[in-house]
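Summary of the model geometry
Below are the chains, spelled out letter by letter.
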Amino acid sequence: MGEVLIPEGYRSPLTIRETEVAIKEVKDHFERALAKSLHLTRVSAPLFVKPQTGLNDNLNGVERPVSFGIKEQNDDMAEIVHSLAKWKRYALKRYAFHSGEGLYTDMSAIRRDEDTDNIHSIYVDQWDWEKVISREERNTETLQYTVRKVYAALKDTEDFMSRRYNYIEPLLPEEITFITSQELEDMYPGMDAKEREYQIVRNKGAVFISQIGKILASGEKHDGRAPDYDDWELNGDIVVYYPVLDIALELSSMGIRVDEESLKRQLALAGCEERAELEFQKALLAGELPCTIGGGIGQSRICMYYLRKAHIGEVQSSIWPEDTIQKTEEKGVHLL
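Right, let's walk through the structure included here. Here the structure is a predicted model, which means the values were calculated and not measured.

**A closer look at helix 1 (residues 16–38)**
- In a regular helix each residue adds 1.5 Å, so 23 residues correspond to 33 Å; helix 1 covers 33 Å between its end C-alpha atoms and thus fits that length.
- One or two positions beyond helix 1, positive phi appears at His39, with a value near 60°.

In structure tokens:
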């Protein structure tokens, strides 16, 4: 379990009922803004998948998915998704989306091995989105153009909420700053990844840190990333400064997805070449899936950010350790 810190003197300006109304306003507005900015169509999505499909996100490769047997299918196993990173790409082909077209969906997940704190929960809710691109568009220019589109939706939503609620002052800068994970390491030698993130967003306000998952000059990774969806050369995270907690807050992870060559290379680097025999990975290596760009945007994270909450449990209903419940109650913080 991570440490829960409630800022001295913190009080939410909204009651629980007012918070619930505001959560819906944030989600409704951002969903429309994102769909318009990226030309996305909303689709339905699975809560669970079968392990042999290879569709589940295996995150850093050590997190255990929640699994269960299905009675009418001879107790064949299914897994609660960690994210829909791979499923979306499969869906784009199955639903006959073309280049320039994309989809988004509501994703709910259970991450049983998460260390909970102010911004982490075992329950994860996000907008998962994916868009078809041409093979020629698999480049940094496409990535940065798309990041700016996502950021425009984030800015638009913050402006909307600041008009709706007097206590919400806009924080996001006009432009997002781009930096690679290696450039960031070079800029702040001697710091770990989280310290580097804090320093850059404290100075810039909003940053897209690219090339997540690859090994840096220090021999370390900036952060872990599964080898079979993002191309580690063409991905990254949108991170913003959050003054309520004085932290760097990740709002979105996104990237151009692996092609045949980058998938083989990254599976080898991660030491999990056996994943090439799973259904999704085999289809990708056979050239049967479209080139895509996509990502996830945390629903509770952006609600927490826009409503200036101190704990993610103020904007989502989950299960918390007893000492977290006690500490937040003592500080007058109401978890849903």
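**Focus: unusual backbone geometry**
- Of note in this structure, Gln211 is not a glycine but carries a positive phi near 65°.
- Checked against the element boundaries, Gln211 lands in the loop between strand 8 (206–210) and strand 9 (230–242).
- For Gln211, a relative accessible area of 16% translates into the label buried.
- Notably, Asp246 is not glycine yet its phi reads approximately 55°, a positive angle.
- Within the element layout of this structure, Asp246 appears in the loop between strand 9 and strand 10 (247–257).

**What about the packing of helix 3 (residues 140–164) against helix 8 (residues 299–307)?**
- Here helix 3 crosses helix 8 at 45°, and the two axes come no closer than 10 Å. Here helix 3 lies oblique to helix 8, going by the angle between them. For the crossing formed where helix 3 meets helix 8, the hand is right-handed. Residues Leu154, Thr157, Glu158 and Met161 of helix 3 form the contact with helix 8, whose own contacting residues are Ile302, Tyr305, Tyr306 and Leu307.
- Grouping the amino acids of the contact of helix 3 with helix 8 by side-chain chemistry returns 6 nonpolar, 1 polar and 1 charged.

**So, the environment of Gln73**
- Within the element layout of this structure, Gln73 appears in the loop between strand 3 (67–70) and strand 4 (76–80).
- For Gln73 and Pro7, which are 66 residues apart along the polypeptide, the C-alpha to C-alpha distance reads 50 Å.

**Quick word on the sheet that holds strand 9**
- Strand order in this open sheet of 8 strands is 1-5-6-11-10-9-8-7, and the pairing throughout is mixed. Single-partner strands in this sheet number two, and they are strand 1 (40–42) and strand 7 (177–180). Direction aside, the axes of adjacent strands within the sheet are offset by 25° on average.
- Sheet topology places strand 7 next to strand 8; 4 bridges connect them, and they run parallel. Each residue of the ladder has a partner; that of Thr180, found in strand 8, is Ser210.
- Here helix 2 (residues 87–94) sits on the sheet and contacts strand 5 (102–110), strand 6 (123–132), strand 10 and strand 11 (292–298); the angle it forms with strand 6, its principal contact strand, is near 40°.

Definitions and cut-offs
Residues numbered from 1 in each chain as written. Predicted model: local features only at pLDDT ≥ 70, side-chain atom pairs only at ≥ 80, totals over all residues. Heavy atoms only, no water. Helix = DSSP H or I, 4+ residues; strand = E, 2+ residues; numbered from the N terminus. Expected span 1.5 Å × (residues − 1). Buried < 20%, exposed > 50% of the residue type's maximum accessible area, 1.4 Å probe, protein only. Axes fitted to C-alpha atoms, helices over the stretch in contact; angles between N-to-C directions. Parallel < 35°, antiparallel > 145°, perpendicular 65-115°, else oblique. Left-handed = near helix turned anticlockwise from the far one by under 90°. Contact = heavy atoms within 4.5 Å. Nonpolar A, V, L, I, M, F, W, Y, C, P; charged D, E, K, R; others polar. Pairing = 2+ DSSP bridges.

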